[in-house]
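What follows is each chain in one-letter form.
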Amino acid sequence: MSQTTDRHSRFASLFVDLTGTETITQSQRDADSRRVEAADERDVADYVADATQQSGLDDAIDDPETDN
């Protein structure tokens, strides 16, 4: 456990040195969020496709194989 604590402390110090901040998270914008409630699979798939395209991640992972 001591090794884990020492390693964590070293990485935490390095993070602060590099970024100048102690927090890792970024604030989120509520305006861009959308809940998908009571939607069918096609609505969810369209939403995910639109969201990944808008964020530039649409070509990061190939489309998964699906059983239809």
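Analysis parameters
Residues numbered from 1 in each chain as written. Predicted model: local features only at pLDDT ≥ 70, side-chain atom pairs only at ≥ 80, totals over all residues. Heavy atoms only, no water. Helix = DSSP H or I, 4+ residues; strand = E, 2+ residues; numbered from the N terminus. Buried < 20%, exposed > 50% of the residue type's maximum accessible area, 1.4 Å probe, protein only. Areas by Shrake-Rupley, 256 points an atom, 1.4 Å probe, with all protein chains shown as cover. Patch = residues over 30% accessible without salt bridge, like charges linked within 9 Å, V, L, I, M, F, W, Y side chains within 5 Å. Salt bridge = Lys/Arg side-chain N within 4 Å of Asp/Glu carboxyl O. Expected span 1.5 Å × (residues − 1).

### Here's the deal with the overall build of the protein
A count of helical and extended segments in the protein gives two helices and zero strands. The buried share of the protein, taken over its 68 residues, is 0%. Counting every atom, the protein has about 7100 Å² of accessible surface; 47% of that belongs to carbon and sulfur.

### Considerations on a nonpolar patch on the surface
Taken together, the side chains of Phe11, Leu14 and Leu18 define a hydrophobic patch exposed on the protein surface, amounting to about 330 Å² of accessible area. For Phe11, the location among the structural elements is in helix α1 (residues 2-19). Phe11 sits in the partly exposed class, given a relative accessible area of 47%.

### Description of α1
The first and last C-alpha atoms of α1 sit 26 Å apart over 18 residues, in line with the 26 Å expected at 1.5 Å per residue. Immediately beyond the C-terminal end of α1, within one or two residues, lies Gly20, with a positive phi of roughly 80°.

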